[in-house]
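Architecture at a glance
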Amino acid sequence: MRLLLLNGSPRGTAGNTAILLKHFTEGFLANNNNSAETGYLKRAIDHRKLAEKFTGASAVIIAFPLYADSMPGIVKDFIETLGRVRGKGPSPKIGFIVQSGFPEAVHSRYVEKYLEKLARRLDAPYLGTVIRGGVEGIQAMPPFMTRRLFMAFRSLGRHFGVTKEFHPIIVKKLAAKERLSMVKKAVFRACQSIGLTNMYWNMMLKKNGAFERRFDRPYQP
Ligand SMILES: Cc1cc2nc3c(=O)[nH]c(=O)nc-3n(C[C@H](O)[C@H](O)[C@H](O)COP(=O)(O)O)c2cc1C
């Protein structure tokens, strides 16, 4: 099987989407009959060329981070480009991977509905959407904390490489909890009250020289 993977993260090769796709691809390529190509959507200038590859592929997976409960603008821009090449060739089977910062899968359920509809509009057989929350911190986590997650993505890829389908049990495991339990919510609130939940974000703001401007309102009239 020839698979086209499209990475919709504005962070490109440095992002979390790239890490998850790396493990998925490793599993997928365990079957010697398979080949995979990865395209990056971070530059709008590449969209036309990638949209043409889309129509020639037998299967495509578009993976992206959840942005503002939906998708990064570059992914939407690419989808609009797909609309322009629609009908110029056979549509591939299409699946999606949506990963997010918040841990609950429920955040991604609305965009999931949109993606299913999108596949219909593109006349592309829909393979489903894999949802995974709690991904933002994976690059800062020690290996023992990410081992299971990466293994699950490799298994997902291996199974996809044989059946051209996302394994429903792995998909369910990856989505994990739809919502936080009452206990976790109470722990979260306690951490919030002592400022613990801001630590990571403050660190990122400082790293990017934006900490002093964190309350700016550039669009306020
Ligand atoms: C502009 C922006 C908006 C985001 N919006 C959401 C959101 O609505 N819900 C959520 O759970 N995570 C949100 N996130 C977190 C990302 O989904 C998460 O950090 C993801 O792992 C980033 O993947 P990447 O490194 O491949 O870009 C947002 C991140 C950014 C930068």
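Criteria and cut-off values
- Residues numbered from 1 in each chain as written.
- Predicted model: local features only at pLDDT ≥ 70, side-chain atom pairs only at ≥ 80, totals over all residues.
- Heavy atoms only, no water.
- Axes fitted to C-alpha atoms, helices over the stretch in contact; angles between N-to-C directions.
- Helix = DSSP H or I, 4+ residues; strand = E, 2+ residues; numbered from the N terminus.
- Parallel < 35°, antiparallel > 145°, perpendicular 65-115°, else oblique.
- Left-handed = near helix turned anticlockwise from the far one by under 90°.
- Contact = heavy atoms within 4.5 Å.
- Buried < 20%, exposed > 50% of the residue type's maximum accessible area, 1.4 Å probe, protein only.
- Pairing = 2+ DSSP bridges.
- Salt bridge = Lys/Arg side-chain N within 4 Å of Asp/Glu carboxyl O.

**Some remarks on the packing of helix 1 (residues 16-28) against helix 5 (residues 143-163)**
Orientation of helix 1 relative to helix 5, taken along the N-to-C sense of each, is 45 degrees, at an axis distance of 6 Å. The angle between helix 1 and helix 5 falls in the class oblique. Crossing of helix 1 against helix 5: the hand is right-handed. In this structure, helix 1 contributes Ile19, Leu20, His23, Phe24, Glu26, Gly27 and Phe28 to the contact, and helix 5 contributes Leu149, Phe150, Phe153, Arg154, Leu156, Gly157, Arg158, Phe160 and Gly161.

**Points about the pairing of strand 3 (residues 59-65)**
Consecutive residues of a regular strand have side chains that alternate between opposite faces of the sheet. With seven of seven residues buried, strand 3 is to be regarded as a mostly interior element. Residues Ala59, Ile61, Ala63 and Pro65 point to one face of strand 3 and Val60, Ile62 and Phe64 to the other, with burial holding for every one of them. Sheet topology places strand 1 (residues 2-7) next to strand 3; five bridges connect them, and they run parallel. Bridge assignment links Leu5 to a residue of strand 3, and that residue is Ile61. As judged from the seven bridges shared by strand 3 and strand 4 (residues 93-99), these two strands associate in the parallel manner.

**Thoughts on the pattern of salt bridges**
One pass over the full model with this rule turns up eleven salt bridges. Here Glu80 makes a salt bridge to Lys76, at a shortest N to O gap of 3.3 Å. Of the two residues, Glu80 and Lys76 both sit in helix 3 (residues 73-85), four residues apart, roughly one turn of that helix. In this structure, the salt-bridge partner of Arg109 is Glu112, at a minimum N-O distance of 3.1 Å. Remark: Glu112 and Arg109 occur in helix 4 (residues 109-121); sequence separation between them is three residues, near one turn of the helix. For Arg109, a relative accessible area of 24% translates into the label partly exposed. Owing to a relative accessible area of 18%, Glu112 belongs among the buried residues under this scheme. In this structure, a network of salt bridges that share partners links the residues Arg2, Glu37 and Lys53.

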